[in-house]
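Examination of the molecular architecture
Here's the letter readout for the chains.
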Amino acid sequence: MSSGGQPSSSSSSSQYPVLCASFNQDNSGFAISTRDGFKIYDSNTGRLCYERAVGAFIVVEMLYSSSLLAIVGGGEQPSLSPRRLCLFNTTTGTALRELNFLTSVLAVRLNKKRLVVVLQKKTYIYDSNTLTILDAIDTVPNVKGLCAFSPSLDGCFLALPSSTTKGSVLVYNVMELHSHCEIDAHNSPLAAIAMSFNGMYIATASEQGTIIRVHLVSEATKSYSFRRGTYPSTIFSLSFGPSTQLPDILVALSSSGSIHVFSLGLAINQRGRRSSSFLGSLLPDSVNDAFDPAHHRVLHNAVPAGVKR
């Protein structure tokens with residue numbers, strides 16, 4: 001980057017801008033897409049597992065470590081329409097099935113039983129094996145394609161914005177195909193959502209970006225509130241730690257270029273100690289958690305400020 005914040009002519013990031021980056025369901029692999037194509041890497045070793053240089057893709061979603069990918073083109077070529085979802089086999093290098101839509105596909109999530117396709121005003125739920133449409137959810141305008149998905153079959157939930165004026169979230173049971181609850185998380189519209197692998201927790205951040213809240217999905221109750229900072233900042237992404245049981249950390253990336261790490265495990269331990277005392281049992285945990293610096297670590301200047309990752 002140049003000193004003025006604009007990409008320099010020699011910058012590798014300007015030559016190969018990242019269009020999308022995503023981990024698979026168990027975080028054992030990740031995919032990165034640029035205008036030239038996409039690559040899949042092993043998370044533990046950094047080894048390149050697969051690459052395909054055929055043009056730009058805005059969605060590359062893996063199904064664990066299998067050969068199945070869900071990919072959506074960036075629209076720079078007629079064959080890579082952003083309105084077409086392709087289920088692609090990396091072993092044979094061929095398309096298995098294609099699904100076409102009237103508007104652009106903004107996000108895709110999947111597990112071994114369900115395929116979720118997010119459009120601006122509608123979200124489709126498919127059977128992953130037969131590609132039968134199981135449900136179509138009408139949504140508020142979701143221009144960013146915000147969504148969160150817990151891939152565990154025992155707690156498979158989908159979270160979508162349910163308001164354009166405040167930070168409300170619709171939580172949908174993907175396996176049983178019905179609305180589970182609606183959570184009013186913030187006064188401002190949502191900027192980021194994340195769910196833990198097992199569907200136990202959902203984390204949200206609003207466009208204000210100062211407070212990050214974590215709710216217990218089963219009861220739609222607030223469990224934690226963490227303060228990211230005093231001044232507004234855009235939260236680009238939220239992610240729980242890679243755990244199939246109780247997640248112990250929550251990570252947030254902001255437009256300031258900082259990575260914020262919140263300790264859920266420490267909050268649980270301190271909550272237990274507070275509740276054992278008379279005064280601690282009277283204090284609301286969410287208020288204490290929001291301002292306790294022991295729960296919060298910051299990696300300053302981890303990425304260039306304003307650069308979305």
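Right above here is the structure, for reference.
The present account deals with the structure reproduced in this document. Keep in mind it's a predicted model, so treat the numbers as computed, not measured.

Considerations on the environment of isoleucine 193
- Here isoleucine 193 shows up in strand 17 (residues 190-195).
- C-alpha of isoleucine 193 to C-alpha of alanine 148: the two residues are 45 residues apart in sequence and 5.8 Å apart in space.

Some points on the sheet that holds strand 17
- As summarised here, the arrangement of the four strands in space is 17-18-19-20, forming an open sheet in which the pairing is antiparallel. Each having just a single partner strand, strand 17 and strand 20 (221-227) make up the two edges of the open sheet. Taken over all neighbouring pairs, the strand axes of this sheet differ in orientation by 20° on average, direction set aside.
- Of the strand pairs in this sheet, strand 17 and strand 18 (residues 201-206) are connected by five bridges, and their pairing is antiparallel. When the sheet's bridge partners are listed, isoleucine 193 is paired in strand 18 with threonine 204.

Observations regarding the sheet that holds strand 24 (residues 296-299)
- Taken together, the four strands give an open sheet; going across it, the order is 21-22-23-24, and neighbouring strands pair in antiparallel fashion. Here the strands that pair on one side only, and so sit at the sheet edges, are strand 21 (235-240) and strand 24. On average, adjacent strands in this sheet sit at an angle of 20° to one another, irrespective of strand direction.
- As judged from the four bridges shared by strand 23 (residues 259-263) and strand 24, these two strands associate in the antiparallel manner. Directly across from histidine 260, in strand 24, lies its bridge partner valine 298.

Observations regarding the side chain of threonine 123
- Mapped onto the fold, threonine 123 is located in strand 11 (residues 122-127).
- Residues within four places of threonine 123 in sequence aside, it is in contact with Val116, Val117, Val118, Asp135, Ala136, Ile137, Thr139, Leu158 and Leu160.

Things to note about unusual backbone geometry
- Residues other than glycine seldom take positive phi values, yet tyrosine 64 does so here, at roughly 50°.
- Topologically, tyrosine 64 is positioned in the loop between strand 5 (57-62) and strand 6 (68-73).
- Look at leucine 131: it is not a glycine, yet its phi comes out positive at around 60°.
- Within the secondary structure, leucine 131 sits in the loop between strand 11 and strand 12 (133-138).
- Residue leucine 131 is classed as buried on the basis of its relative accessible area, which comes to 10%.

Topic: the pairing of strand 1 (residues 20-23)
- Burial along strand 1 is one-sided: Cys20 and Ser22 are buried, and none of Ala21 and Phe23, which face the opposite way, are.
- Counted along the chain from strand 1 to the antiparallel partner strand 2 (residues 29-34), the turn is five residues long, and its residue asparagine 27 has a positive phi close to 60°.

Digging into the pattern of salt bridges
- Scanning the entire structure with this criterion turns up five salt bridges.
- Close ionic contact of lysine 122 with aspartate 138 constitutes a salt bridge, the shortest N to O distance being 2.4 Å. Residue lysine 122 is located in strand 11, and its partner aspartate 138 is located in strand 12; the two are separated by 16 residues in the primary sequence.
- Aspartate 184 serves as the salt-bridge partner of lysine 166, at 3.7 Å between the closest nitrogen and oxygen. Of the two residues, lysine 166 sits in the loop between strand 14 (157-161) and strand 15 (167-173) while aspartate 184 sits in strand 16 (residues 178-186), which places them 18 residues apart along the sequence.
- We classify aspartate 184 as exposed; its relative accessible area is 53%.

Here's the deal with the nonpolar core
- Judged by nonpolar contacts, the single largest core of 18 residues is most densely connected at Leu85, Phe101, Val108, Leu115 and Val117.
- For this core, the secondary-structure elements that each account for two or more residues are strand 6, strand 7 (84-89), strand 9 (107-110), strand 10 (114-118) and strand 11.
- Those residues in contact with valine 108, other than ones at most four positions away along the chain, are Val59, Glu61, Ala70, Val72, Leu85, Leu115 and Val116.
- Ala205, Ile212, Leu250 and Ala252 belong to the second largest nonpolar core, which has 17 residues in total.

Section: the environment of threonine 123
- Judged by its relative accessible area of 1%, threonine 123 is buried.
- Put simply, threonine 123 and leucine 160 are 37 residues apart on the chain and 9.0 Å apart in space, counted from C-alpha to C-alpha.

Notes on the packing of aromatic side chains
- With the rule as written, the count across this model stands at 10 aromatic pairs.
- Taken together, a centroid distance of 5.6 Å and an interplanar angle of 55° make the contact between phenylalanine 23 and phenylalanine 30 tilted.
- Each ring, one from tyrosine 224 and one from phenylalanine 226, has its centre 5.7 Å from the other, and the planes form 20°; the classification is stacked. Just as tyrosine 224 is buried, phenylalanine 226 falls in that class too.
- One aromatic cluster in this structure is built from Phe38, Tyr50, Phe57 and Phe88.
- Over the face of the ring belonging to tyrosine 64 we find lysine 112, whose NZ or CZ atom lies 5.0 Å from the ring centre.

Parameters at a glance
- Residues numbered from 1 in each chain as written.
- Predicted model: local features only at pLDDT ≥ 70, side-chain atom pairs only at ≥ 80, totals over all residues.
- Heavy atoms only, no water.
- Helix = DSSP H or I, 4+ residues; strand = E, 2+ residues; numbered from the N terminus.
- Pairing = 2+ DSSP bridges.
- Axes fitted to C-alpha atoms, helices over the stretch in contact; angles between N-to-C directions.
- Contact = heavy atoms within 4.5 Å.
- Buried < 20%, exposed > 50% of the residue type's maximum accessible area, 1.4 Å probe, protein only.
- Salt bridge = Lys/Arg side-chain N within 4 Å of Asp/Glu carboxyl O.
- Core = buried A, V, L, I, M, F, W, Y, C linked by side-chain atoms within 4.5 Å.
- Phe/Tyr/Trp six-rings, centres within 6.5 Å; stacked < 30°, edge-to-face > 60°.
- Lys NZ or Arg CZ within 6 Å of the ring centre and 35° of its normal.

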